[in-house]
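Residue-level listing of the chains:
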Amino acid sequence: MLKKTISLIISILVSIAPVLALELDTSVDDEIRKHYDPSRLESDQLPSLPKTEQPEQGSSASNSKPASGQTTSVPKTPPVTPPAKPQIGVKKLPNSSYNPKLDKSLSIRVKKGTKFRVKSSASISDTTREGARLRFISLRPVTQRYVTIPEGTVFNAVITDSHPPQATGNGGLIVLMVESMNFKGHTYAVHAKITKANHKKIFVNNIKGERKYAKGIISSTKFGRNFYKKSMRGTTKLAQNPWTFILTPFTVVAGIVVYGVNIVGAPIFAIFSKGGHITIPAGSEFEIKLLEDVYLD
């Protein structure tokens, strides 16, 4: 009975299969192929696949070429830095101004305001160039607490300013500053000025030549004085002769006018006069005064 039922179902399916089959019309595809090229559409619309090149077996990595469109990274060389210039060392003198590690509580102090009588080792003048150096040698020992600066101690100075005589009667100038002292084989920085030069007091540390503006005024009236004297002598001679006596007023007036103009213009004429030179020979005596405390080891 079961076999008959299965056979019946199979026979029914086989009989209706042609009815369920679909018939496709391919004429539409033929029309499309006439107007369009499918392969061209694929090449235009679809992106191209990347081309890869398979390396040959046995070839080294160094011989392989990079694919087209790919950039190879070039290793960057590190920047070359120029060698550092050697620093020029500054010589530090063993003084508190140059050596901040100096313990003042354990050092010997030479008080500010201490004076030294010294003599110069070379001659100086207002024509000595700025920056020139000079040595002074002490003439007497100077005693402070716990220390004595002996005779013969060397002080080193530098000319900080100088000029020859100038107009308006201005004299020459020399400015000296003492910058160091040699004591027991060591050099100590000091800050000192000159208070006396060749037994003359120095003000504001300026060694000045004679100012001659006032003398310039007097000397500029020399022409007027001489002309007036000559005119007076001429007047005396003219007055002795009755024929020339009538001319004496002219000579007197001329002498007075010239002399008066010369006196009035003397301050202006004296502007062009120069002062005196200053020259101090070697071995001259000076006086040095400390402007700051000096600490000795």
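Before any of the text, the structure's been laid out above.
Residues numbered from 1 in each chain as written. Predicted model: local features only at pLDDT ≥ 70, side-chain atom pairs only at ≥ 80, totals over all residues. Heavy atoms only, no water.

J.: Would you mind going over the overall build of the protein in detail, with residue names and values included?
T.: Counting its regular elements, the protein contains 6 helices and 14 strands. The long-range share in the protein, meaning contacts at least 24 apart out of those at least 6 apart in sequence, stands at 69%. Accessible surface for the protein amounts to roughly 22500 Å². Of this, 60% is attributable to carbon and sulfur atoms. (Helix = DSSP H or I, 4+ residues; strand = E, 2+ residues; numbered from the N terminus. Contact = heavy atoms within 4.5 Å. Areas by Shrake-Rupley, 256 points an atom, 1.4 Å probe, with all protein chains shown as cover.)

J.: Describe in detail a nonpolar patch on the surface, supporting the description with residues and values.
T.: Taken together, the side chains of Ile 268, Phe 269, Ile 271 and Phe 272 define a hydrophobic patch exposed on the protein surface, amounting to about 450 Å² of accessible area. Structurally, Phe 269 can be placed in helix H6 (residues 248–269). According to the relative accessible area criterion, Phe 269 is partly exposed, its value standing at 44%. (Patch = residues over 30% accessible without salt bridge, like charges linked within 9 Å, V, L, I, M, F, W, Y side chains within 5 Å. Salt bridge = Lys/Arg side-chain N within 4 Å of Asp/Glu carboxyl O. Buried < 20%, exposed > 50% of the residue type's maximum accessible area, 1.4 Å probe, protein only.)

J.: Kindly report on the packing of helix H4 (residues 213–220) against H6, identifying the contributing residues and their values.
T.: Contact geometry for H4 and H6: axes closest at 8 Å, N-to-C directions at 145 degrees. The crossing of H4 and H6 is right-handed. Between H4 and H6, the contacting residues are Tyr 213, Ile 217 and Ser 220 on the first element and Asn 262, Ala 266, Pro 267 and Phe 269 on the second. Looking at the contact of H4 with H6 residue by residue, the classes come out as 5 nonpolar, 2 polar and no charged. (Axes fitted to C-alpha atoms, helices over the stretch in contact; angles between N-to-C directions. Left-handed = near helix turned anticlockwise from the far one by under 90°. Nonpolar A, V, L, I, M, F, W, Y, C, P; charged D, E, K, R; others polar.)

J.: Outline the side chain of Asn 170, supporting the account with residue identities and numerical values.
T.: Relative to the helices and strands, Asn 170 resides in the loop between strand E7 (154–163) and strand E8 (173–183). Ignoring anything within four residues of it in the chain, the contact list for Asn 170 reads His 163, Pro 165, Lys 208, Arg 211, Lys 274 and Gly 275.

J.: Lay out the pairing of E8 in plain terms, naming residues and giving numbers.
T.: With 8 of 11 residues buried, E8 is to be regarded as a mostly interior element. Bridging between E7 and E8 involves 9 bridges; their strand directions are antiparallel. Within E8, the position partnered with Ala 157 by the bridge is Val 178. Alignment of E8 against strand E11 (residues 206–208), held across 3 bridges, turns out to be antiparallel. (Pairing = 2+ DSSP bridges.)

J.: Would you mind going over a positive patch on the surface in detail, with residue names and values included?
T.: Together, Lys 229, Lys 230, Arg 233 and Lys 237 line one region of the surface with positive charge. Along the polypeptide, Lys 229 turns up in helix H5 (residues 222–240). A residue is classified by how much of its surface remains accessible, and Lys 229, at 47% relative accessible area, is partly exposed. (Lys, Arg positive; Asp, Glu negative; His and termini not counted. Charge placed at Lys NZ, Arg CZ, Asp CG, Glu CD.)

J.: I'd like to hear about the environment of Thr 148, residue by residue, with values.
T.: Secondary-structure assignment places Thr 148 in strand E6 (residues 147–149). Each C-alpha atom of the pair Thr 148 and Val 110 lies 9.4 Å from the other, and the pair is 38 residues apart in sequence. The residues contacting Thr 148, other than those within four sequence positions of it, are Pro 141, Val 142, Thr 143 and Phe 183. Among the polar contacts listed, one links the side chain of Thr 148 to the side chain of Thr 143, at a separation of 3.4 Å. (Polar contact = N/O pair within 3.5 Å; in protein donor to acceptor, adjacent residues only side chain to side chain.)

J.: Which residues make up the pattern of salt bridges, and what values go with them?
T.: Here the structure, examined in full by the defined rule, presents 4 salt bridges. Of the charged contacts, one joins Asp 293 and Arg 109 as a salt bridge, the two residues approaching to 3.3 Å between their closest N and O atoms. Of the two residues, Asp 293 is situated in the loop between strand E13 (285–290) and strand E14 (294–296) and Arg 109 in strand E1 (residues 108–110); the sequence distance between them amounts to 184 residues. Between Glu 210 and Lys 215 there is a salt bridge, and its shortest N-O distance comes to 2.6 Å. The class of Glu 210 is partly exposed, set by a relative accessible area of 41%.

J.: Any details on the pairing of strand E9 (residues 186–197)? Residues and values, ideally.
T.: In this structure, E8 lies alongside E9, joined through 6 bridges in antiparallel fashion. Bridge assignment links Ser 180 to a residue of E9, and that residue is Ala 189. Two successive antiparallel strands, E8 and E9, enclose a turn made up of 2 residues, where Lys 184 displays a positive phi of approximately 55 degrees. The pairing of E9 with E13 spans 5 bridges and is classified as antiparallel. For Ala 197, the partnering residue across the bridge sits in E13 and is Phe 286. Examined bridge by bridge, E9 and strand E10 (residues 200–201) share 2 bridges and lie antiparallel to one another. The residue bridging Lys 196 from the neighbouring strand is Lys 201, located in E10. With antiparallel pairing between neighbouring strands as the criterion, E9 and E10 make up a hairpin whose turn holds 2 residues, including Asn 198 at a positive phi of roughly 55 degrees.

J.: Explain H5 residue by residue, including any values.
T.: Compared with the 27 Å implied by 1.5 Å per residue over 19 residues, the 28 Å span of H5 between its first and last C-alpha is a close match. Listed in full, the buried residues belonging to H5 are Gly 224, Ser 231, Thr 235 and Leu 238. Taken down its axis, H5 places every buried residue within 65 degrees of arc, on the same side. Structural note: H5 exposes Lys 230, Arg 233, Lys 237 and Gln 240 on the side pointing more than 90 degrees away from its buried face. Contact partners of the buried residues in H5: H6. (Expected span 1.5 Å × (residues − 1). Arc of directions from axis to C-beta.)

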